[in-house]
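Coordinate inspection notes
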Amino acid sequence: MTDLGLPQQILACLFDLDGVITKTAVVHAAAWKRTFDDFLRERDGDGFRPFDDADYSAYVDGMPRADGVRSFLASRGVELPEGTSDDPPDKATVNGLGNRKNRLLLDMIRTDGVEAYDGTLRYIEAVRARGLRTAVVSSSANCLDVLRSVGAEDLFDVRVDGVVAAERRLPGKPRPDTFLAAAKDLGVDPSRAAVFEDALAGMDAGRSGHFGYVVGVDRVGQSDALRAHGADIVVQDLDELGKRP
């Protein structure tokens, strides 16, 4: 292992955004909860079963917005028409609910701002100082704005986010396609790239894409689940990498 805590063959690092680089996973979870709880209350009345942390981890965390809507609603036996990407937030469609969540998310970010994990930024700077290439891989269509808000845009050679995935018609996590696209854009074989993720869907993507190393970042106490879904190592902060015996 290198002093970065990575196997010797690793030439590139592929980082998820929410929960790995920035402290926005909790904001996403809150926006999803409000969106789904409001929908379920309107549909089932005050006796509805609320969206909870387990639902977030199992059905929406790390996934593209529409996939998250479909996944969670299917878990509750609910089907909605797809609608279109420009559906208004109050329309009872998959895209309408997704747009409602995104509006709430942006409102929260504008109100409270965005913070980065300092340990991650230090680690990325160390990675780049050693000559490794870097990419950010996120399902978020707001990725570039969030990176700019924390001054991290220039830390990445490649960005594959929700906008890029839509342009290239890449399926999102848990499929590995966005990570594979980032590795290809960097000119690196997946076996020589490391994936850094906090979501179970991201672990699945790293494993199925046959990447050289998969780092699970445990921000919410799910280390066992991250390992079960394919993490080679689990840390609470990237500062821990390279410091273990």
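Here's what I pulled together on the structure shown here. What you see is a predicted model; the values in this text were computed from it and never measured. Within each chain, residues carry numbers counting from 1 in the order of the written sequence. For a predicted model such as this one, the threshold for reporting local features is a pLDDT of at least 70, and the threshold for listing and counting side-chain atom pairs is 80 or more; totals across whole chains, interfaces and linings nevertheless cover every residue. Side-chain metrics rest on all non-hydrogen atoms present in the structure, leaving aside hydrogens and water.

**Some remarks on unusual backbone geometry**
Outside of glycine, negative phi angles account for most residues, and trans bonds account for most peptide bonds. Spelled out, the test is: In this text, helices come from DSSP runs of H or I with a minimum length of four residues, and strands from runs of E with a minimum of two, each type numbered from the N-terminal end. For every residue, the accessible area obtained with a 1.4 Å probe (protein chains only) is divided by the maximum for its type, and the residue is called buried under 20%, exposed over 50%, and partly exposed between those limits.
A cis amide bond links Lys173 to the next residue, Pro174, at an omega of 15°. Along the chain, the position of Pro174 falls in the loop between α7 (162-168) and α8 (177-186). Although it is not a glycine, Arg169 adopts a positive phi angle of roughly 60°. Examined against the element boundaries, Arg169 turns out to sit in the loop between α7 and α8. If you check the backbone angles, His210 has positive phi at about 60° while not being a glycine. Relative to the assigned elements, His210 resides in the loop between α9 (200-208) and β5 (213-217). His210 sits in the exposed class, given a relative accessible area of 62%.

**Considerations on the nonpolar core**
Quick reminder of the rule: Definition of nonpolar core: a set of buried residues of the types Ala, Val, Leu, Ile, Met, Phe, Trp, Tyr and Cys, connected through side-chain atoms within 4.5 Å. The contact rule is simple, with two residues in contact once any of their heavy atoms fall within 4.5 Å.
Ranked by internal contacts, the top residues of the largest apolar core, which has 37 residues, are Leu6, Phe15, Ile21, Tyr123, Phe156, Phe196 and Leu238. Elements represented by at least two residues in this core include exactly β1 (12-15), α1 (25-44), α4 (94-112), α5 (118-129), α6 (143-149), β4 (193-197), β5 and β6 (233-235). Sorting elements by how many residues they give to this core places α5 first, with four residues. Those residues in contact with Phe156 that sit more than four places away from it in its chain are Phe15, Ile21, Ile124, Arg128, Thr134, Ala135, Val136 and Leu147.

**Observations concerning the layout of surface pockets**
This is how the line gets drawn: Grid spacing is 1 Å over the protein atoms alone, the probe is 1.4 Å, and a cavity is where that probe fits but cannot get out, while a pocket is an open set with protein on both sides within 12 Å along at least five of seven lines and lining residues have an atom within 4 Å of a point. Grid points are joined across faces, edges and corners, and a volume is the space filled by probe spheres set on the points. Residues were grouped as follows: Ala, Val, Leu, Ile, Met, Phe, Trp, Tyr, Cys and Pro as nonpolar; Asp, Glu, Lys and Arg as charged; and all remaining residues, including Gly, as polar.
Counted as a void, the largest pocket has a volume near 740 Å³. Contributions of two or more residues to the lining of the largest pocket are made by α1, α2 (53-60), α3 (65-75), α4 and α7. It is α4 that contributes the most residues to the lining of the largest pocket, seven residues altogether. Of the residues belonging to the lining of the largest pocket, the class tally is 14 nonpolar, 14 polar and 10 charged. Partitioned by chemical class, the residues of the lining of the second largest pocket number six nonpolar, three polar and five charged.

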